[in-house]
Structures are given as structure tokens and as C-alpha cells.
Amino acid sequence: MMKIKVNENYSCLKESYLFSEIGKKVRAYQEAHPDKKVIRLGIGDVTLPLAPVVVEAMEKAAREMGVKETFRGYPPEYGYDFLREAISAYYKRNGVTVPAGDIFVSDGAKSDVGNIVDILGKNTVLIPSPVYPVYMDSNLMNGNRIELLEAGESDGFLGTPDLLDGETYVIYICSPNNPTGAVYDRAGLKAWVDYALESGSLIIFDSAYEAFIQGDYPHSIYDIEGAEKCAIEICSFSKMSGFTGTRCAWCVVPASLETEGGYSLKKMWSRRQATKFNGVSYPVQRGAEAALTEEGIRECAALVEYYMENAKIIADTLRRVGVWFTGGVSSPYIWLKCPKGMSSWEFFDYLLENAQIVGTPGEGFGEAGEGYFRLTSFGSRENTIEATARLEALLKSGV
Ligand code: PLP
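Scoring rules and cut-offs
- Each chain has its residues counted from 1, following the order in which its sequence is written.
- The predicted nature of this model means local features are confined to residues of pLDDT at least 70 and side-chain atom pairs, given and counted, to a pLDDT of 80 or more, with totals for whole chains, interfaces and linings taken over all residues.
- Water and hydrogen atoms were dropped before computing side-chain values, which therefore reflect all heavy atoms in the structure.
- Here a helix means four or more residues in a row that DSSP labels H or I, a strand means two or more in a row labelled E, and each is numbered from the N terminus.
- If DSSP finds at least two bridges between two strands, the strands pair.
- Axis definition: a line fitted to C-alpha atoms, over the contacting stretch in the case of helices. Angles run 0 to 180 degrees between N-to-C directions.
- Whether two residues are in contact is decided by their heavy atoms, any of which lying within 4.5 Å being enough.
- Boundary definitions for the domains trace back to an automatic or database domain assignment.
- Each of two parts loses accessible area, computed with a 1.4 Å probe, when they are put together; buried area is these two losses added.
- Should a side-chain nitrogen of Lys or Arg be within 4 Å of a carboxyl oxygen of Asp or Glu, the pair is scored as a salt bridge.
- In plain words, nonpolar cores are sets of buried Ala, Val, Leu, Ile, Met, Phe, Trp, Tyr and Cys residues tied together by side-chain atoms within 4.5 Å.
- Exposure is judged per residue with a 1.4 Å probe applied to protein chains only, and the accessible area is read against the type maximum: over 50% gives exposed, under 20% gives buried, and values in between give partly exposed.
- Aromatic contacts are taken between Phe, Tyr and Trp rings whose centres are within 6.5 Å, Trp giving its six-membered ring; a plane angle under 30 degrees counts as stacked, one over 60 as edge-to-face, and the others as tilted.
- For a helix, the expected span equals 1.5 Å multiplied by the residue count minus one.

1. Here we look at unusual backbone geometry
Glycine aside, negative phi is the norm for most residues, and most peptide bonds take the trans geometry.
Okay, so step 1: A cis amide bond links S175 with the next residue in sequence, P176, at an omega value of -5°.
Okay, so step 2: Looking at the secondary structure, you find P176 in the loop between β5 (170-174) and α6 (186-199).
Okay, so step 3: With an omega of 20°, the peptide bond running from N178 to P179 counts as cis.
Okay, so step 4: Position of P179 relative to the elements: it lies in the loop between β5 and α6.
Okay, so step 5: Its identity is not glycine, yet F157 carries a phi of approximately 60°, on the positive side.
Okay, so step 6: Tracing the backbone shows F157 in the loop between β4 (145-150) and β5.

What follows is the structure in C-alpha cells.
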């Protein structure tokens, strides 16, 4: 028996990650019913292939890697300048200034969200509920004190700092929100930036779904004055450009983020990445750069439009059967209230057993998600149509 000590904070985590739990249940069902076609509208994974301009750029880069003169070894751990410049220019399109030097390219927003806790000390962390579960789990792993900011139907699933008493927090904000699809307007985000500046708090802003925003909502926290003094932003090519399997994202840590005691978060993040990360592969960074050219943005917008048409199909079905829902406008997710007062896992089993549809129980996104359920529009059109037809028939049948 080993005598080493382990990180006992892991015992505070739920036994398995939400999507592993769902995968286990679906595999068990499929094994017991091999003849049934299960349709997955659960996990937030994309299904459309990469845009042609991205593939061409990656092919060209792969060929360069096969030629002595153009071969490249380790990339810079903070990303190639060509991609940092392209990301900075992408922000400019939305009227936001983010210097290329403050941008750190990474292999995923999940890595950045999970790793950022490395450079932070023992703060109280304020986490919205419901929300992407990685914020909670990565802070539990570090033994941090966590407070939940519960949001619900009455506030449009958009928590505000109104009831906070000026305490210093590390505040997580996800807009558009996964799973609810709620998106902050400028006034809503300004309230958070003002709170952070007054209380000496840090905001970690996750904008992984910014490309889905419809209408005049901020795509970045840096749209709000003063945010460069209190916020880190994490964004990803996963959903905007279909990079879930290709892996590329970025994290903005402004040079102006300084803490009492004279610590620069940018210097610390630089140091952390230089020690524990060896960068993203050259072909992937060239692909990501291509996704941010005019042509790339156009081709990727067509992917987003396709998913949003799926969202409309799901939304129309729910309206017809009288199920309350939100989202599906500035987000690929539809957040619905489980019918007949079912709990979210009860509704999960009900849908799997009676219609062979897989969704995500709202409870997996935090306690405030109990009684709700998330469907994604990332499936194929064909599967979305088939799943919604099954859903409509089931809910009308009254089973
Ligand atoms: N942030 C949010 C809110 C997400 O929903 C996801 C993935 O679903 C991620 C981050 C992870 O993105 P990536 O694929 O870049 O790791």
C-alpha cells in the first residue's frame, strides 16, 4: 500500500463528470436495446465538418512541416504572433481593443478555465448556478471556498451583484450562458465590472459562445469600460469554428491586471504556461488564423446559422407542446422546464426510455438547474427533426 498523500479535495467532487455519467447511462441503455436508434442532443459537441478555408490552411501548414526549410519545432507557449494578431483584429471588428501581447493561445477553453486557478490564491469564488460545471469542479479541486449565485426564471437566469455586500470574490461569468442561453446586455455586464472594481474582485469571463449572439449585446467583457483592470477573458474556436476535436482557444490576461502586493496576473499566467504548457501545434494555429479571415468568418457563420436553424426547430416543437423554455436565440442551447414536475434526471430517463433522445439534466449544472433540462442544437438537421418529432409524439401521447 502506498503511503503518499493525495489531494483530498477530490473527495468533494461528484463521483463522475456530468457527461461521463450521461455516457455511462446511454451505453447501458444501448447495450440493453441494440435495435433502438438513440439520438444525442446532450453533450455540446458540434457535428458539422471544419470550414473549407480552415482545412486548406491546415493542409498547407502540414506540408510546410514536411519540408526542411519550413519545418517548425516547439511553438511559443503563448501562441504564434500571427494568431495573436488575428485574434486582436477579431476583437476590433466588435469595436473592442485587446492588444495581441495580452492574448495567450491554448488548446481549449476548458484547459484555461481549469488551469487559471493555478495562479490564484485562497479566495472566495462566486459561481453562477446553473452554469458550465468546470468552474465549480476546478475550484473544489483546489479547496477554495465557493458561494453560489443562483439565477432563475424571475431574473431571466442572469444573476446580478445587487445583493452582494462588497466582499472580494473571484467571479465567474458565462455569457451567453451554458446551459441557459441567457446573455448579458451592456448594463448587466457594467454592473459586474463596477462591482469588481469597487470590491477589488477579479472576473473570469467565459465567452465561448460569443459567435452565437444575435443583436446588440457585448461579445466581450472588454466592451465595458474598466474591464481591463478587473477581468480575464477566455474564448474558444470550439463552437464558433467547429474546433472541438481540433483544439484551439485563447485567454486574455491584460497587462493592467495587478493585485495588492504588486503581482501582475499576466506575468504569472505567462510563467504558468511557460512551465506547464508547450503550445498548440502549428497546423492548428494556422487553421484558427484562417477561421478569423473574412472568408473564414463567413464560412464559420454559416455553421452557426445551421445550428441556429436546429434551435428554431426544437423551440417551435416545445411551443407546440406547451413546454416552457428559454435560450436558443443567442446560444445553441435550449433550456426547458421538465414537464409534469419531473426532476431533471427523471426527465432524462423518461426521454431516453420512451423516445431514445439524450439530453442533459439541468441538475448537472448546479442545484438551481434542478427541474430543468438542456437540449442542444449541435446535432444534424436530420437527427434534430427526427428527435423533435419523437418528442412531440411522446409529450402529446401523455405517457
Ligand atoms: N466554456 C464553456 C461555457 C463551454 O460550454 C465549453 C464547452 O462546452 C468550454 C468552455 C470548453 O471549450 P473547449 O472546447 O475550448 O475546451
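2. Here's the deal with the sheet that holds β5
Okay, so step 1: Pairing is mixed in the open sheet, where 7 strands are placed in the order β2-β8-β7-β6-β5-β3-β4. Looking at which strands have only one partner, the edges of the open sheet turn out to be β2 (103-106) and β4. Mean inter-strand twist for the sheet, computed between neighbouring axes without regard to direction, equals 20°.
Okay, so step 2: Both β2 and strand β8 (residues 249-252) contribute to a ladder of 4 bridges, which runs antiparallel. Within the sheet, the bridge partner assigned to S106 lies in β8 and is A249.
Okay, so step 3: Each of β2, β7 (231-236) and β8 touches helix α3 (residues 81-93); the most contacted strand, β2, lies at about 115° to it.

3. Side note on the domain arrangement of the protein
Okay, so step 1: Assigned domains of the protein: these are domain 1 (14-50 + 297-397) and domain 2 (52-295).
Okay, so step 2: Here the C-alpha centroids of domain 1 and domain 2 sit 26 Å apart.
Okay, so step 3: Listed as interface residues are 33 residues of domain 1 and, on the opposing side, 44 residues of domain 2.
Okay, so step 4: Per-residue buried area on domain 1 facing domain 2 is highest for L50, I297 and S330; these three make up 26% of the total on that side.
Okay, so step 5: Where domain 1 meets domain 2, there are 1 salt bridge.

4. Regarding the nonpolar core
Okay, so step 1: Counting residues in each nonpolar core, the largest one holds 54 residues, and the members touching the most others are I203, F237 and W250.
Okay, so step 2: With 6 residues, the top contributor of residues to this core is α3.
Okay, so step 3: Non-local contacts of I203, meaning those with residues more than four positions away in its chain, are made with I171, I173, W192, V193, A196, I221, C230, A231 and I232.

5. Concerning the packing of aromatic side chains
Okay, so step 1: Overall, the coordinates contain 24 aromatic pairs when judged by the stated rule.
Okay, so step 2: Note on Y80 and Y282: the rings are 5.5 Å apart at their centroids and 80° apart in plane angle, and the pair reads as edge-to-face. Taken together, the positions of Y80 in the loop between α2 (52-65) and α3 and Y282 in helix α9 (residues 282-291) put the pair 202 residues apart, joining distant regions of the chain.
Okay, so step 3: With relative accessibility at 2%, the residue Y282 sits in the buried group.
Okay, so step 4: Judged by centre distance (6.1 Å) and plane angle (85°), the rings of F82 and Y282 are edge-to-face. Of this pair, F82 sits in helix α3 while Y282 sits in helix α9, placing them 200 residues apart in sequence. Y282 carries the same exposure label as F82, and that label is buried.

6. Looking at helix α1 (residues 18-32)
Okay, so step 1: Spanning 15 residues, α1 covers 22 Å between terminal C-alpha atoms, matching the ideal 21 Å at 1.5 Å per step.
Okay, so step 2: Looking at the packing, one finds that the buried side of α1 touches β1 (39-40), α11 (344-355), β13 (357-358), β14 (360-361) and β15 (372-376).

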